[in-house]
Amino acid sequence: MATLHSTAAIPRQATDNARWTLHKVFLLSPQFALGDALLEIAKNTVQAQVLSRFGMDTYKNPFETDLILYHCVALVLVGLFMLLLNLAIEYNCFDHWICSWRNRAVLNVEMEDLEVAAERKRVEASARDRDRPVTLHTIGNINAGFVDTESKKGSIKQIVSPMCDVAQCVGLGRTYRGVTSRIALKSLYLGIPPGQCTALLGQNGAGKSTTFALLSGELRATCGRVVLNGSAVTSRQICSGLISYCPQSDALDPLLTVTQTLQFYCRLRGIADVNEVVKRTLQTFDLRKYSRQRCGTLSGGNRRKLCTAVAFMGRAPLVLLDEPTSGMDPGSRWCVARGVRAACAARRGVLLSTHALEDARVLASRVALLRDGALCALAPLDQCLQRFGSGHVVSARAERGGAARLWLEVRARAPQAQLQAMHHNTLQFLVPTKANVEGKEVVTQLSDVFRLLAALQGTAELDDYTLNASSLDQMFLNFSDRSDRTITADEPPMSARRNSDQLESVTAL
Ligand SMILES: Nc1ncnc2c1ncn2[C@@H]1O[C@H](COP(=O)(O)OP(=O)(O)OP(=O)(O)O)[C@@H](O)[C@H]1O
């Protein structure tokens with residue numbers, strides 16, 4: 001009997017120990033700690049009431065005894081820990097570890113263009129040298145000749161290293177996570193020098209707005225970092241007045257008038273001479289006649305103009321303009337161009353995204369071409385034109401109904417030619433200056449095109465023709481369609497196939 005009793009006691013003891021341990025561990029869960037504390041208080045009260053009938057006073061004051069001491073200690077400790085964790089996350093204390101962990105992910109650019117590689121090395125080197133002492137100079141008069149008159153009072157002191165870009169994207173990348181992960185930007189290395197406009201070009205969805213959102217702190221980078229005025233900044237620090245941003249969609253209060261909007265942003269940016277700055281901004285952007293109109297009632301183009309004007313106000317060293325000229329008439333685009341030039345003259349760095357290639361040509365010292373989130377080229381626009389779009393566009397008229405036969409003749413003599421349009425007896429094609437034909441680089445000069453046309457006239461298929469240099473738009477299309485595959489003699493290039501497919505269906509109709 002005694003043996004039986006002792007063997008039953010051992011598992012009971014073990015169960016009690018386990019229960020006690022689990023009880024203490026579960027106290028780390030605030031829900032359990034709170035619930036269990038309330039249960040203890042209720043148990044204590046009920047027990048005291050029952051035993052009081054037998055003359056026993058077992059009541060314990062919860063605040064004077066250790067009845068719920070462990071529960072309270074656990075709640076305070078866990079609450080404090082969660083508060084500190086929350087603050088640490090808010091202030092990006094873990095960014096360094098998260099980035100170095102994520103940098104191991106597959107965000108590498110497969111093949112790099114020479115200029116892109118050079119830019120990457122330059123940005124990496126300056127990021128490495130960042131901690132070394134640099135020669136500093138002071139920029140006063142940062143908005144010279146433009147909307148901010150505070151410089152007259154000598155209060156502007158911006159410290160910028162002449163060796164440094166105003167801003168740098170150091171391996172900046174962003175992946176959108178959802179049902180499927182989408183890499184919107186792949187490890188971008190790009191510096192924005194002071195006193196220059198850099199244009200960011202690319203087709204829809206190439207990653208331009210994502211770049212702007214990362215630079216402005218609107219989005220957090222999946223990998224890489226942003227360097228502003230020579231120091232790495234977190235997305236929270238980005239918003240400390242170093243950036244003026246004109247986003248793709250107009251960020252205006254519809255109930256404020258144009259003047260009130262400008263005054264509001266002047267105050268937000270600490271501009272002292274508000275009236276003077278507002279007056280000059282209205283004048284520069286040709287907005288005087290709308291000054292008392294509410295933003296909500298402005299036309300789309302004027303809203304855009306106001307949004308851009310706001311971005312140029314103040315003295316932030318970096319100006320980000322995301323498609324500022326969309327929906328604007330030529331006169332308004334000229335105002336924006338004037339604003340960009342004034343900002344560059346004041347040694348501010350401008351990053352401009354646009355689909356109006358002419359704007360990029362006029363304003364940008366160099367263009368960064370993005371494709372599928374990767375930087376594919378970085379050069380002055382004329383050089384890009386040379387590389388991606390340089391060529392000769394021939395519009396030819398064939399004998400009646402002979403356009404298809406003429407095209408076959410062109411392809412036989414110049415396999416690098418790309419069909420752009422074909423209608424009954426007219427034909428338009430591009431002869432690129434440089435093309436890769438079956439693994440060989442073919443260079444075509446103007447004289448070669450004339451020789452080709454003379455030969456075609458000899459076959460009596462060609463009636464007459466006009467010859468033009470290719471346009472910026474052509475360059476953009478060529479760049480967007482470009483792939484590493486080579487053109488084979490029997491296969492028209494992608495853009496030509498698309499056009500001829502469309503044309504065939506039109507002809508069939
Ligand atoms: N919130 C989001 N969630 C998931 N994917 C997104 C989100 N925002 C953008 N993307 C994707 O990221 C990629 C880049 O988008 P982004 O807006 O940067 O392109 P963009 O170059 O600015 O295009 P556009 O010229 O049309 O403005 C696109 O493939 C887009 O579908």
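Residues numbered from 1 in each chain as written. Predicted model: local features only at pLDDT ≥ 70, side-chain atom pairs only at ≥ 80, totals over all residues.

Taking an unreviewed UniProt entry as the reference, the protein chain is identified by name as ATP-binding cassette sub-family A member 2 belonging to Eumeta variegata.

Peer 1: Which parts of the structure should I look at to understand the confidence of the model for the protein chain?
Peer 2: In low-pLDDT regions, the fine details of the predicted coordinates are not to be read closely. Taken residue by residue, the protein chain gives an average pLDDT of 78. The fraction at 70 or more is 80%. Looking at the elements of the protein chain, mean pLDDT is at its lowest for helix α17 (residues 494-508), recorded as 35, and at its highest for strand β10 (residues 349-353), recorded as 93. The low-confidence segment residues 105-109, where pLDDT is below 50, has ten contacts with residues more than four positions distant or belonging to other chains. Counting interchain partners and residues more than four positions distant, the pLDDT-below-50 stretch residues 483-509 has 30 contacts. Reported confidences for the modelled complex are a pTM of 0.64 and an ipTM of 0.95. (pLDDT = per-residue confidence, 0-100. Helix = DSSP H or I, 4+ residues; strand = E, 2+ residues; numbered from the N terminus. Contact = placed C-beta atoms within 7 Å.)

Peer 1: Help me out: how do you make sense of the nonpolar core in this one?
Peer 2: As a rule of thumb, soluble globular proteins bury nonpolar side chains together. Counting 86 residues, the largest nonpolar core has L320, L352 and V367 as the members making the most contacts within it. Core analysis: the second largest hydrophobic core is formed by 19 residues, A396, A403, L430 and V449 among them. (Core = buried A, V, L, I, M, F, W, Y, C linked by C-beta atoms within 7 Å. Buried ≥ 20, exposed ≤ 12 C-beta atoms within 10 Å, placed from the backbone.)

Peer 1: Even after reading the chapter, I still don't get helix α9 (residues 274-284), so can you show me in this structure?
Peer 2: Inspection of α9 places V277, V278, T281 and L282 among the buried residues, and these make up the whole buried set. One side of α9 holds all its buried residues, which, seen down the axis, span an arc of 130°. Every exposed residue of α9 that faces more than 90 degrees away from the buried side is listed here: N275 and Q283. In the core, the buried residues of α9 are packed alongside α8 (258-268) and α10 (300-312). One or two steps after α9, the chain reaches D286, where phi turns positive at roughly 55°. (Arc of directions from axis to C-beta.)

Peer 1: Quick question: what am I supposed to make of the environment of S244 here?
Peer 2: Positionally, S244 belongs in strand β8 (residues 243-246). Separated by 71 residues in the primary sequence, S244 and R315 have C-alpha atoms spaced 8.3 Å apart. Not counting residues within four places of it along the chain, the set of residues in contact with S244 comprises A311, F312, G314, A316 and V319.

Peer 1: Hey, could you run me through the sheet that holds strand β14 (residues 418-423) in this one?
Peer 2: Two modes of strand pairing occur in sheets, parallel and antiparallel, and in both the strands are linked by backbone hydrogen bonds. Pairing in this open sheet of four strands is antiparallel, and the strands run β14-β15-β13-β18 from one edge to the other. Either end of the sheet is taken by a strand with one partner, and the two such strands are β14 and β18 (462-469). Along the sheet, successive strands turn relative to each other by an average axial angle of 15°, direction set aside. Inspection of the sheet shows strand β13 (residues 391-398) paired to strand β15 (residues 426-432) by seven bridges, in the antiparallel sense. (Pairing = 2+ DSSP bridges. Axes fitted to C-alpha atoms, helices over the stretch in contact; angles between N-to-C directions.)

Peer 1: It is not clear to me how the packing of helix α2 (residues 30-52) against helix α3 (residues 69-90) should be interpreted in this structure. Could you clarify?
Peer 2: The geometry of a pair of packed helices is captured by two quantities: the angle between their axes and the separation between those axes. At a closest axis distance of 9 Å, the pairing of α2 and α3 adopts a crossing angle of 155°. With respect to α3, the axis of α2 lies roughly antiparallel. Note that α2 runs across α3; the crossing there is left-handed. Contacts between α2 and α3 involve P30, A33, L34, D36 and A37 from the first element and H71, A74, L75 and V78 from the second. (Parallel < 35°, antiparallel > 145°, perpendicular 65-115°, else oblique. Left-handed = near helix turned anticlockwise from the far one by under 90°.)

Peer 1: Help me out: how do you make sense of the UniProt feature "transmembrane region" (unreviewed entry) in the protein chain in this one?
Peer 2: The positions that UniProt labels "transmembrane region" (unreviewed entry) are, in the present scheme, residues 67-89. With 91% helix and 0% strand, residues 67-89 has end C-alpha atoms that lie 35 Å from one another. (UniProt positions renumbered as here; feature names shortened; annotations may be inferred.)

Peer 1: Help me understand the pairing of β15 in this model?
Peer 2: It is a general feature of regular strands that their side chains alternate between the two faces of the sheet. For β15, a buried count of five out of seven residues is recorded, marking the element as mostly surrounded by other parts of the structure. Two successive antiparallel strands, β14 and β15, enclose a turn made up of two residues, where H424 displays a positive phi of approximately 35°.

Peer 1: Looking at this structure, I do not really get the site of the ligand. What am I missing?
Peer 2: The ligand sits among 13 residues. The nearest are Y176, A184, N204, S209 and T210. Looking at the shell around the ligand, the elements that each hand over two or more residues are β4 (182-192) and α6 (208-215). A per-class count over the shell around the ligand returns three nonpolar, eight polar and two charged. (Near = placed C-beta within 6 Å. Nonpolar A, V, L, I, M, F, W, Y, C, P; charged D, E, K, R; others polar.)

Peer 1: It is not clear to me how the sheet that holds β10 should be interpreted in this structure. Could you clarify?
Peer 2: Read across the sheet, six strands follow the order β8-β9-β10-β5-β11-β12 without closing on themselves; strand pairing throughout is mixed. Either end of the sheet is taken by a strand with one partner, and the two such strands are β8 and β12 (374-379). With direction set aside, neighbouring strand axes in the sheet form an average angle of 15°. Bridge count for β8 against strand β9 (residues 318-322) is four bridges, and the pairing is parallel.

Peer 1: Explain the environment of G270 here, please?
Peer 2: Among the secondary structure elements, G270 is positioned in the loop between α8 and α9. Residues G270 and G241, spaced 29 residues apart in sequence, show a C-alpha to C-alpha distance of 9.7 Å.

Peer 1: Please clarify how the pairing of strand β6 (residues 223-228) should be interpreted in this entry.
Peer 2: Along β6, five of the six residues are buried, which leaves the element largely enclosed by surrounding structure. Two elements, strand β3 (residues 167-176) and β6, share five bridges in a ladder whose sense is antiparallel. Bridge pairing links V170 to R225 in β6. By the bridge criterion, three bridges tie β6 to strand β7 (residues 231-233) in an arrangement that is antiparallel. Each bridged residue has a counterpart across the sheet, and for L228 the counterpart in β7 is S231. Linking two consecutive strands that pair antiparallel, namely β6 and β7, is a turn of two residues; a positive phi of about 50° is found at N229 within it.

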